[in-house]
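# Observations on the three-dimensional arrangement
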Amino acid sequence: MRILSAQIEHARYARDFGQVEAMVTLLVKDEHRPVPYEVRIRTAEPTQGENLRKRLLDSASNLYRARIDVAPERQRFDRAA
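Residues numbered from 1 in each chain as written. Predicted model: local features only at pLDDT ≥ 70, side-chain atom pairs only at ≥ 80, totals over all residues. Heavy atoms only, no water.

So, on to the environment of M23. Take M23: it is sitting in strand β2 (residues 19-29). The exposure class of M23 is buried, given its relative accessible area of 18%. Not counting residues within four places of it along the chain, the set of residues in contact with M23 comprises Q7, I8, E9, H10, R40, I41 and R42. (Helix = DSSP H or I, 4+ residues; strand = E, 2+ residues; numbered from the N terminus. Buried < 20%, exposed > 50% of the residue type's maximum accessible area, 1.4 Å probe, protein only. Contact = heavy atoms within 4.5 Å.)

Set out below in structure tokens:
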């Protein structure tokens, strides 16, 4: 799986938590699909620190990769139930 591009669609400041919440669109190319597809991930990062945009994009990418890594295990347990 490769992430071809990432774009922040909507972001807002959550003042109560001191974070920026964002909807990130990832363009993903998977080995099992012939055409790239879009995935939308909602993520949040603290406002303090450097390069907030990069941290939001990295966070969304890591969340999606974690979801893909867990999916085969989750499917195996669903079939057994």
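Next up on the list: the side chain of D30. Within the secondary structure, D30 sits in the loop between β2 and β3 (37-46). Buried and without a salt bridge, D30 has R33 as its closest oppositely charged side chain, separated by 5.1 Å. If near-sequence neighbours (up to four positions away) are discounted, D30 is found in contact with M1 and Y37. (Lys, Arg positive; Asp, Glu negative; His and termini not counted. Salt bridge = Lys/Arg side-chain N within 4 Å of Asp/Glu carboxyl O.)

Right, let's get into the pairing of β3. A one-sided burial pattern is seen for β3, the buried positions being Y37, V39, I41, T43 and E45 and the unburied ones E38, R40, R42, A44 and P46. In terms of strand pairing, β2 meets β3 through 10 bridges, oriented antiparallel. By the bridge assignment, M23 is partnered in β3 with R42. (Pairing = 2+ DSSP bridges.)

Attention now moves to the pairing of β2. For a regular strand, side chains alternate in direction, first toward one face of the sheet and then toward the other. Relative to β2, strand β1 (residues 2-14) runs antiparallel, the two being bridged by 11 bridges. Across the sheet, the residue bridging to S5 is L27, located in β2. Here β1 hands over to β2 after four residues, with G18 in that stretch at a positive phi of 70°.

Moving on, we get to the environment of L27. Assignment of secondary structure puts L27 in strand β2. According to the relative accessible area criterion, L27 is partly exposed, its value standing at 28%. Spatially, the C-alpha atom of L27 lies 8.7 Å from that of Q7, the residues being 20 residues apart in sequence. For L27, the contacting residues outside a window of four places in its chain are R2, I3, L4, S5, P36, Y37 and E38.

So, about the nonpolar core. Generally speaking, soluble globular proteins have nonpolar side chains that are buried together. Counting 13 residues, the largest nonpolar core has I8, V24, L26, V28, V39, I41 and Y64 as its most contacted members. Only β2, β3 and α1 (52-80) provide two or more residues apiece to this core. Counting residues per element, this core draws most heavily on β2, which supplies five residues. Leave out the neighbours within four places in its chain, and V39 touches V24, T25, L26, V28, Y64 and R67. (Core = buried A, V, L, I, M, F, W, Y, C linked by side-chain atoms within 4.5 Å.)

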